[in-house]
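What the coordinates show
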Amino acid sequence: MTKQHHYQQLIDVFNQCFKNTENTTLVAGEDEPYYCPAGQQHAHHRVVFAHGFYASALHEISHWCIAGRVRRQIFDYGYWYEPDGRDEKQQQAFEQVERKPQALEWLFSLCAGTNFQVSVDNLSGIEVDRAAFTAAVKDQLLRFYRTKIPTRAEVFAKALCHYYNRPWPTLDKVEQLSTQV
């Protein structure tokens, strides 16, 4: 029997993996997702995802898995973000930055048995070539497989495979992923 997917499962798996080892918890938030380092308000670093959305949680976890130790001491990792309505140059910068986290999000989706779609996050901006961005994200995922998947991402992905009773996605399976949107 297949488990239904609910964001609380991700909270449980993430916190089991990282609450003690990285002093970090996953939290369901309201509107915008963000990362908050531990401090006066909270004893643990917090990865906060939006509206209790499963996919938002996977996406925010992927950003956390990319961020280095120094970045994880800064609110929202100190990253640049240009909101919806980006021009072509801004969208290109967004897609360059988003390739790695979205590649990990795709890996997490495979491990959890959920569908993945890239997020271009620019609904009121320029027309975006989703197929090209999807292909770039897949290429990044293949690079991770051929070189090294970030350590925390691999720990979480394997924990998802275990929780959902799914096999580890092989390189052959990743190579066969469709980039059609």
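Here goes a summary of the coordinates provided. Model, not experiment: these values are computed from the prediction.

Focus on the sheet that holds strand β1 (residues 24–28)
Read from one edge to the other, the open sheet built from three strands follows the order β1-β3-β2, with strand pairing classed as mixed. Among the strands making up the open sheet, the edge pair consists of β1 and β2 (34–36). Direction aside, the axes of adjacent strands within the sheet are offset by 20° on average. Judged from the three bridges that link them, β2 and strand β3 (residues 45–49) form a sheet pairing that is antiparallel. By the bridge assignment, Tyr35 is partnered in β3 with Val47. Across the sheet, helix α2 (residues 54–66) is in contact with β1, β2 and β3; its angle to β3 comes to roughly 145°.

Details of the packing of aromatic side chains
Each aromatic ring pair is specified by the distance between its two centres and by the angle formed by the two planes. On inspection of all chains with the given rule, the structure shows 11 aromatic pairs. Between the aromatic rings of Trp106 and Phe116, the centroid separation amounts to 4.9 Å while the plane-to-plane angle is 20°, which identifies the pairing as stacked. With a gap of 10 residues between them, Trp106 in helix α3 (residues 88–112) and Phe116 in the loop between α3 and α4 (130–146) connect regions that are remote in the sequence. You can call Trp106 buried: its relative accessible area is 6%. Grouped by ring-pair contacts, the aromatic residues Phe14, Phe18, Trp64, Phe108 and Phe156 constitute a single cluster. One cation-aromatic arrangement involves Arg152 over Trp64; the distance from NZ or CZ to the ring centre is 4.5 Å. For Lys158, the ring lying beneath its charged end belongs to Trp168, and the centroid distance is 5.6 Å.

Overview of the pattern of salt bridges
Note that side chains of opposite charge can pair when their charged atoms are close. Applying the stated criterion to the full structure yields three salt bridges. For Glu175, the salt bridge is made with Arg146, and the minimal N-O distance between the two is 2.8 Å. Residue Glu175 is located in helix α6 (residues 171–175), and its partner Arg146 is located in helix α4; the two are separated by 29 residues in the primary sequence. Relative accessible area serves as the criterion here: at 34%, Glu175 is assigned to the partly exposed category.

Looking at the packing of helix α1 (residues 7–18) against helix α5 (residues 151–163)
Their axes nearest at 10 Å, the elements α1 and α5 cross at an angle of 130°. Relative to α5, α1 is oriented oblique. Remark: the crossing between α1 and α5 carries right-handed chirality. The residues of α5 that touch α1, namely those facing Gln9, Leu10, Val13, Phe14, Cys17 and Phe18, are Arg152, Val155, Phe156, Ala159, Leu160 and Tyr163. Counted by class, the contact of α1 with α5 contains 10 nonpolar, one polar and one charged residues.

Thoughts on the pairing of β1
Counting buried positions along β1 yields four of five residues, so the element is predominantly enclosed. Sheet topology note: the β1/β3 ladder contains five bridges and is parallel. Paired with Leu26 across the bridge in β3 is Val47.

What counts, and at which threshold
Residues numbered from 1 in each chain as written. Predicted model: local features only at pLDDT ≥ 70, side-chain atom pairs only at ≥ 80, totals over all residues. Heavy atoms only, no water. Pairing = 2+ DSSP bridges. Helix = DSSP H or I, 4+ residues; strand = E, 2+ residues; numbered from the N terminus. Axes fitted to C-alpha atoms, helices over the stretch in contact; angles between N-to-C directions. Contact = heavy atoms within 4.5 Å. Phe/Tyr/Trp six-rings, centres within 6.5 Å; stacked < 30°, edge-to-face > 60°. Buried < 20%, exposed > 50% of the residue type's maximum accessible area, 1.4 Å probe, protein only. Lys NZ or Arg CZ within 6 Å of the ring centre and 35° of its normal. Salt bridge = Lys/Arg side-chain N within 4 Å of Asp/Glu carboxyl O. Parallel < 35°, antiparallel > 145°, perpendicular 65-115°, else oblique. Left-handed = near helix turned anticlockwise from the far one by under 90°. Nonpolar A, V, L, I, M, F, W, Y, C, P; charged D, E, K, R; others polar.

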